[in-house]
Amino acid sequence: MKFNTKTIHGGQSPDKAYGSVMPPIYQTSTYAQTTPGGHKGYEYSRTHNPTRDALEKSFASIENGHYGLAFGSGLAAIDAVIKLLKPGDEVISTNDLYGGTYRLFTKIFEKFQIKFHFTGMQDTQQIERCINLKTKLIWVETPTNPMLNIIDIKAVSALAKKHSVLLAVDNTFATPYLQRPLDLGADIVMHSATKYLGGHSDVVMGALAVNDKTLADQLYFIQNASGAVCGPQDSFLVLRGIKTLHVRMQRHCENGRAIANFLMAHPMIENVYWPGLPSHPNHQIAAEQMEDFGGMLSFTTKGNNYHKALKVVERLKVFTLAESLGGVESLAGHPASMTHASIPKAEREKTGVVDSLIRLSVGIEDIEDLKADLMQALEG
Ligand SMILES: *Cc1c(COP(=O)(O)O)cnc(C)c1O
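S.K.: Sorry if this is basic, but what is going on with the overall build of the chain here?
M.R.: Across its full length, the chain holds 14 helices and 12 strands. Rg of the C-alpha trace for the chain: 21 Å, near the compact-globule value of 21 Å for 380 residues, within the 12% margin. Principal-axis analysis of the C-alpha atoms places the extent of the chain at approximately 75 × 50 × 35 Å. Counting all 380 residues of the chain, 53% fall into the buried class. For the chain, the proportion of contacts with a sequence separation of at least 24, taken over those separated by at least 6, is 72%. Split by element, the accessible area of the chain, about 16500 Å² in all, is 54% carbon and sulfur. The centroid of the 37 positive side-chain charges in the chain is displaced by 3 Å from the centroid of its 38 negative side-chain charges.

Right, dumping it as structure tokens:
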């Protein structure tokens, strides 16, 4: 089955009870038993729920994995992965990381004596320097947020295999429409399904997909034991979102390209960070491991003025000033005052998060309206 069919049919079959084409929302916590232990595969909804099961099969299918797991949020999914580890274990993570992941690693799991190394991952030698006998996991996010750096998943996977270390990839920005980390050698792929998979900014959810049965069993155990599962209503919504993932992504990519080119040609713009631009430092790797380049991009304005950048995002009308990404509507953010405000200026500037940096999640509206909106906001 091709990807554009899997989004609609992958792991799905009409419901057994009445043949409903969409899986019903099984809004139930428990299931009747005929004798103790005599049930139809469902006992309690933290462990299993038919609507969530349908969604988990869809996650596995679109990521070319054998097993899928759904969680109450992206961070709950990451939390479950780190719970595979024990005190003394070490993790190597990309340094240009989603802020919530960084907070979970450093503020929660470091208390439990798990050690995290944060490093640039464009050069695999830098990763290898952090590997020792305690290293159990490499955590990759590509493209990164908000600088849109690209990490070579195949190269990191070869390194992980050489040292018998697990490789997990946060595939939230790319989605399986653009890149399938399991095919490139990753052991675990993770999503904030809140973003492109849900696609309509109406649900918070997380997902994992894996191929290995033992690893899947360990993760299912943690999912049930820790209990950070999602409800049936949200499962239904994300299943519905996934059915249009491929058409939405196609338009996100088209609009992303048009906005990147528009900004490149604008006299007030200093830098545009979009992996599809030949001038992007990791363009070659992006072209190899991604089908297209997505709708996430960042840019800076000349003069690097903090207050001017605030004015630009405040003047936007079609783009909404908001955190998050991946919905049908276009969003804009100012990392220096929003997502990265708690990081000291000198620290954040080292990774490129300068005062004038603006991040866009380009939606699927008419491109002329999006360009006109950016034009009036910049020139305002
Ligand atoms: C949003 C996001 C997360 C966290 O997911 P939640 O659903 O908000 O918990 C993790 N990684 C990336 C790249 C994200 O964008």
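S.K.: Would you mind showing me how to read the pattern of salt bridges here?
M.R.: Between side chains of opposite charge, a pair can form when the charged atoms approach closely. Per the counting criterion, the structure on display carries 17 salt bridges. Close ionic contact of Arg52 with Glu56 constitutes a salt bridge, the shortest N to O distance being 3.4 Å. Separated by four residues within a single helix, Arg52 and Glu56 lie in helix α2 (residues 50-62), roughly one turn from each other. An identical accessibility class is assigned to Arg52 and Glu56; each is buried. Notably, a salt bridge pairs Asp292 with Arg257, separated by 3.4 Å at the nearest N-O pair. Residue Asp292 is found in the loop between α11 (283-289) and β9 (296-301), and its partner Arg257 is found in helix α10 (residues 245-264); the two are separated by 35 residues along the sequence. Judged by relative accessible area, Asp292 falls into the partly exposed class, the value being 21%. Residue Arg257 is classed as partly exposed on the basis of its relative accessible area, which comes to 36%.

S.K.: For this particular structure, what's the right way to read the site of the ligand?
M.R.: Around the ligand there are 13 residues in total, and Gly74, Asp170, Ser192, Thr194 and Lys195 lie nearest to it. With respect to the ligand, the side chain of Lys195 contributes an N or O atom lying 2.7 Å from an oxygen atom. Protein burial of the ligand: of its 380 Å² of free accessible surface, 93% is covered by the chains. Classifying every residue of the shell around the ligand by side-chain character gives five nonpolar, five polar and three charged.

S.K.: Explain the sheet that holds strand β10 (residues 320-321) here, please?
M.R.: Through backbone hydrogen bonds, the strands of a sheet pair up, either in parallel or in antiparallel fashion. Sheet architecture is open: five strands sit in the order β8-β9-β12-β11-β10, paired in mixed fashion. For this open sheet the edge positions go to β8 (269-273) and β10, each flanked by a neighbour on one side alone. In terms of strand pairing, strand β11 (residues 331-333) meets strand β12 (residues 358-361) through three bridges, oriented antiparallel. Counted as the bridge partner of Ala332 is Leu360 from β12. Here helix α12 (residues 306-315) sits on the sheet and contacts β10, β11 and β12; the angle it forms with β12, its principal contact strand, is near 25 degrees.

S.K.: Explain the nonpolar core to me, please; I cannot follow it from the model alone.
M.R.: Nonpolar side chains tend to gather and get buried jointly when the protein is soluble and globular. The biggest cluster of nonpolar side chains holds 55 residues, and the ones touching the most others in it are Phe59, Ile259, Leu263, Leu297, Phe299 and Leu360. Looking at this core, you find at least three residues from each of domain 1 (3-242) and domain 2 (245-379). Filtering out sequence-adjacent residues up to four positions away, Leu263 remains in contact with Ile269, Val272, Leu297, Phe299, Leu360, Leu374 and Leu378. By size, the runner-up hydrophobic cluster in this structure holds 27 residues, among which are Leu85, Ala168, Val210 and Ala216.

S.K.: What's the story with the environment of Pro278 in this structure? I'm lost.
M.R.: Position of Pro278 among the secondary structure elements: in the loop between β8 and α11. A relative accessible area of 71% means that Pro278 is categorised as exposed. Along the primary structure Pro278 and Phe59 are separated by 219 residues, whereas in three dimensions their C-alpha atoms are 32 Å apart.

S.K.: How should I be thinking about the packing of aromatic side chains in this particular structure?
M.R.: Where two aromatic rings form a pair, the distance of their centres and the angle of their planes describe that pair. Going through the model one piece at a time under the given rule, you end up with seven aromatic pairs. Judged by centre distance (5.5 Å) and plane angle (35 degrees), the ring pair of Tyr31 and Tyr42 falls under tilted. Of this pair, Tyr31 sits in the loop between α1 (3-9) and α2 while Tyr42 is found in the loop between α1 and α2, placing the two residues 11 residues apart along the sequence. Note on Tyr31: relative accessible area 15%, which makes it buried. Ring pairing ties together the aromatic residues Tyr102, Phe105, Phe116, Phe118 and Trp139, which thus form one cluster.

S.K.: Hey, could you run me through the domain arrangement of the chain in this one?
M.R.: By a frequent convention, interface size equals the accessible area lost on bringing the separate parts together. Looking at the assigned domains, one finds that the chain contains domain 1 (3-242) and domain 2 (245-379). Distance from the C-alpha centre of domain 1 to the C-alpha centre of domain 2: 26 Å. At the junction of the two partners, domain 1 supplies 36 residues and domain 2 supplies 37 residues. Overall, the association of domain 1 and domain 2 removes approximately 3000 Å² of surface from exposure, summing both partners, and the carbon and sulfur fraction of that is 63%.

S.K.: It is not clear to me how the sheet that holds strand β2 (residues 90-94) should be interpreted in this structure. Could you clarify?
M.R.: One open sheet holds the seven strands; their spatial order is β1-β7-β6-β5-β4-β2-β3, and the pairing between them is mixed. The sheet terminates laterally at β1 (67-71) and β3 (115-119), the two strands that pair on one side only. Going across the sheet, the axis of each strand differs from the next one's by a mean of 20 degrees, ignoring polarity. Running at roughly 155 degrees to strand β6 (residues 188-192), helix α3 (residues 74-82) makes contact with β1, β3, β4 (135-141), β6 and β7 (206-210) of the sheet. Along the sheet, helix α6 (residues 153-162) contacts β4 and β5 (166-170); its crossing angle with β5, the most-contacted strand, is approximately 155 degrees.

Calculation criteria
Residues numbered from 1 in each chain as written. Predicted model: local features only at pLDDT ≥ 70, side-chain atom pairs only at ≥ 80, totals over all residues. Heavy atoms only, no water. Helix = DSSP H or I, 4+ residues; strand = E, 2+ residues; numbered from the N terminus. Rg over C-alpha atoms; globule rule 2.2 N^0.38 Å. Buried < 20%, exposed > 50% of the residue type's maximum accessible area, 1.4 Å probe, protein only. Contact = heavy atoms within 4.5 Å. Areas by Shrake-Rupley, 256 points an atom, 1.4 Å probe, with all protein chains shown as cover. Lys, Arg positive; Asp, Glu negative; His and termini not counted. Charge placed at Lys NZ, Arg CZ, Asp CG, Glu CD. Salt bridge = Lys/Arg side-chain N within 4 Å of Asp/Glu carboxyl O. Near = heavy atom within 4 Å. Polar contact = N/O pair within 3.5 Å; in protein donor to acceptor, adjacent residues only side chain to side chain. Nonpolar A, V, L, I, M, F, W, Y, C, P; charged D, E, K, R; others polar. Pairing = 2+ DSSP bridges. Axes fitted to C-alpha atoms, helices over the stretch in contact; angles between N-to-C directions. Core = buried A, V, L, I, M, F, W, Y, C linked by side-chain atoms within 4.5 Å. Domains from an automatic or database assignment. Phe/Tyr/Trp six-rings, centres within 6.5 Å; stacked < 30°, edge-to-face > 60°. Buried area = accessible area lost by both parts, 1.4 Å probe.

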